[in-house]
Amino acid sequence: MAALSDPDLLFAPETRTLARALYAAVKDLPIVSPHGHTDPRWYALNEPFPDPAQLLIVPDHYIFRMLFSQGVRLEELGVPRLDGSQVETDGRVIWRRFAEHYYLFRGTPTRLWLDHVFEHLFGIDEPLSASTADRHYETIAALLSQDDYRPRALFERFNIEVIATTEGALDDLKWHRMIRDSGWKGRVVTAYRPDAVVDPDFEGFLANLDRLGEITGCDTATWAGYLDAHRRRRAHFREFGATSSDHGHPTAETANLSDAAAQQLFNRIRRGSEDERERKLFRAQMLTEMAKMSRDDGLVLQIHPGSWRNHSPAVFQEFGRDKGFDIPTRTDYVAALKPLLDCVGLERDLTIILFTLDETSYARELAPLAGVYPALKLGPAWWFHDSPEGMRRFREMTTETAGFYNTVGFNDDTRAFPSIPARHDVARRVDCAFLARLVAEHRLREEEAHELARELAYTLAKKAYRL
């Protein structure tokens, strides 16, 4: 039986020899995963993963959104409903349904990642289909029962040097505390995600502010107390290894109000303002406030804008957030970021990492901005563009203006723990192929390509995220 993936995957024939050599030098480098959504409880408890479906399908919106688009109900895939009503819980049934529809992923990055997982993690060389579903399931389930497939063992097997999870501002970080106190040497750090207490449209926002005050002992009914509460939470997150904060705003809009105007705005928001303009302005002001705090405490500021979150209200009401209905929108950066950049953009010791779901902004806005403002760096091709084509487009459209060193390498941004090595492998292959092309076109020397391959695979992420 042939392998599921070819050794020359993503290498163009005309530059294949050099791409192979570049890749060979970086493919086994440690993984730095500076931004993701894996669950810290996995590493804290180190319990066996329950079954193949719960590990690979139920938590992965890349998978179930595709199946949902073809008429498979989320309940049939075991995705929990908010009201607690019945969904499929038999892992084998869920797996069979997934296998019957696996052909839907032909040509997608999800297919690349999953085939890599099947082959390299579970030793499977047979394509997944309805007829092979049970054999795949039984093989994976048997391996998951073994100690060397528990989360910590996989962390070490994957050669992960450090991984950052993402926790909300109200999280008690108990799992991170348990990891720290366990004596395990794996490096798992947190990242500060304050959306629930900076976005007035977030469900339960006003109650969240009250809870923030309770946690910190600050008076979050006042502007000064509210800002101090953030400072205290950021300091607490830093005690558990945080080197970054993460901000998933609808837009990249920022503001830089006077203290008096900001306090007045906060008072109106605190009273439950329903004025959409005020709510947008508050989010904009808080991005600038977070940037100023990052200037002071050293946390890297990540801005993830441009997603229309929970586009289907029906799915949101029934299943909640992160169920595949976050859709990219057009995003402005040049005008939107100017108030923030006027305030802190020239700071050499501040790092702000910009992401986008709007590829039209790469060459027109993002690369020129990062190519001149010392505080700015470009995050990698993200989310819907975390794909071979998306990564190529990113390099082609940003390198000419921002270069390589105003980017931050790769991060996998995943909830699917077993896919982390696969995602890094795809990124390393794409970058090596791109560098090989530049050498073939006499735009890089071969020794420079080797140096850059290591930077893109490993070093830039460590530097940018201060890991």
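Everything discussed here concerns the structure shown above.
Here's what I pulled together on the structure shown here. (Residues numbered from 1 in each chain as written. Predicted model: local features only at pLDDT ≥ 70, side-chain atom pairs only at ≥ 80, totals over all residues. Heavy atoms only, no water.)

1. Concerning the environment of E318
Right, so step 1: Summarising the element assignment, E318 is placed in helix α15 (residues 313-319).
Right, so step 2: Sequence separation between E318 and L82 is 236 residues; the distance between their C-alpha atoms is 5.7 Å.
Right, so step 3: Ignoring anything within four residues of it in the chain, the contact list for E318 reads R81 and L82. (Helix = DSSP H or I, 4+ residues; strand = E, 2+ residues; numbered from the N terminus. Contact = heavy atoms within 4.5 Å.)

2. A look at the packing of helix α5 (residues 91-100) against helix α7 (residues 133-144)
Right, so step 1: Put simply, α5 and α7 touch, their axes get as near as 9 Å, and they point 130° apart. If you check the angle between α5 and α7, you find them oblique. Between α5 and α7 the crossing geometry is right-handed. Contacts from G91, R92, W95, R96 and A99 of α5 reach α7 at A133, D134, H136, Y137, E138 and I140.
Right, so step 2: Within the contact of α5 with α7, the residues separate by chemical class into 5 nonpolar, 2 polar and 4 charged. (Axes fitted to C-alpha atoms, helices over the stretch in contact; angles between N-to-C directions. Parallel < 35°, antiparallel > 145°, perpendicular 65-115°, else oblique. Left-handed = near helix turned anticlockwise from the far one by under 90°. Nonpolar A, V, L, I, M, F, W, Y, C, P; charged D, E, K, R; others polar.)

3. With respect to the pattern of salt bridges
Right, so step 1: For the coordinates displayed, the defined rule picks out 42 salt bridges.
Right, so step 2: The salt bridge partner of E75 is R81, with a shortest N-O separation of 2.8 Å.
Right, so step 3: Where E441 meets R437, a salt bridge forms, and the shortest distance between an N and an O atom there is 3.5 Å.
Right, so step 4: What makes E441 partly exposed here is its relative accessible area of 40%. (Salt bridge = Lys/Arg side-chain N within 4 Å of Asp/Glu carboxyl O. Buried < 20%, exposed > 50% of the residue type's maximum accessible area, 1.4 Å probe, protein only.)

4. Focus on the nonpolar core
Right, so step 1: Judged by nonpolar contacts, the single largest core of 97 residues is most densely connected at W223, Y226, F282, M286, L337, I352 and L435.
Right, so step 2: Of the residues forming this core, the biggest block, 11 residues, is contributed by helix α19 (residues 420-440).
Right, so step 3: With 50 residues, the next largest nonpolar core counts A44, L114, F319 and F417 among its residues. (Core = buried A, V, L, I, M, F, W, Y, C linked by side-chain atoms within 4.5 Å.)

5. Remarks on the pairing of strand β2 (residues 160-164)
Right, so step 1: Within β2, 4 of the 5 residues are buried, which leaves the element mostly enclosed by the surrounding structure.
Right, so step 2: Where strand β1 (residues 31-33) meets β2, 3 bridges bridge the pair, whose relative direction is parallel. In the sheet register, S33 faces β2, and the bridge partner there is I163.
Right, so step 3: Pairing of β2 with strand β4 (residues 188-189) involves 2 bridges; the strand directions are parallel. Each residue of the ladder has a partner; that of A164, found in β4, is V189. (Pairing = 2+ DSSP bridges.)

6. Re helix α11 (residues 205-216)
Right, so step 1: Relative to the 16 Å expected for 12 residues at 1.5 Å per residue, α11 spans 17 Å between its end C-alpha atoms, a close match to the ideal helical length.
Right, so step 2: The set of residues buried in α11 consists of F205, N208, L209, L212, G213 and T216. Within α11, the buried residues cover an arc of 145° as seen down the axis, which keeps them to one side.
Right, so step 3: Those residues of α11 that are buried are in contact with α10 (195-198), α12 (223-239), α13 (259-270) and α14 (276-297). (Expected span 1.5 Å × (residues − 1). Arc of directions from axis to C-beta.)

7. A few points about the packing of α13 against α14
Right, so step 1: In contact at an axis separation of 10 Å, α13 and α14 are set at 125° when each is read in the N-to-C sense. Between α13 and α14, the angle falls in the class oblique. Seen along the crossing, α13 lies across α14 with a hand that is left-handed. Taken together, the residues of α14 that come into contact with α13 (itself represented by A262, L265, F266, R268 and I269) are E278, R279, L281, F282 and Q285.
Right, so step 2: Looking at side-chain class alone, the contact of α13 with α14 contains 6 nonpolar, 1 polar and 3 charged residues.

8. Some words on the packing of aromatic side chains
Right, so step 1: If you walk through the whole model with that rule in mind, you get 33 aromatic pairs.
Right, so step 2: A centroid spacing of 6.3 Å and a plane angle of 45° characterise the contact between F49 and F417, whose relative ring orientation is tilted. Of the two residues, F49 sits in the loop between α2 (40-45) and α3 (52-56) while F417 sits in the loop between α18 (388-402) and α19, which places them 368 residues apart along the sequence.
Right, so step 3: When its relative accessible area of 7% is taken as the criterion, F49 is described as buried. (Phe/Tyr/Trp six-rings, centres within 6.5 Å; stacked < 30°, edge-to-face > 60°.)

9. Quick look at the sheet that holds β1
Right, so step 1: Spatial strand order, β1-β2-β4: 3 strands in an open sheet with parallel pairing. Of all the strands in the sheet, just β1 and β4 have a single pairing partner and so form its edges.
Right, so step 2: In this fold α19 packs onto β1 and β2, with an angle of close to 105° to the strand it touches most, β1.

In short, shape yes, function no, at least from these values alone.
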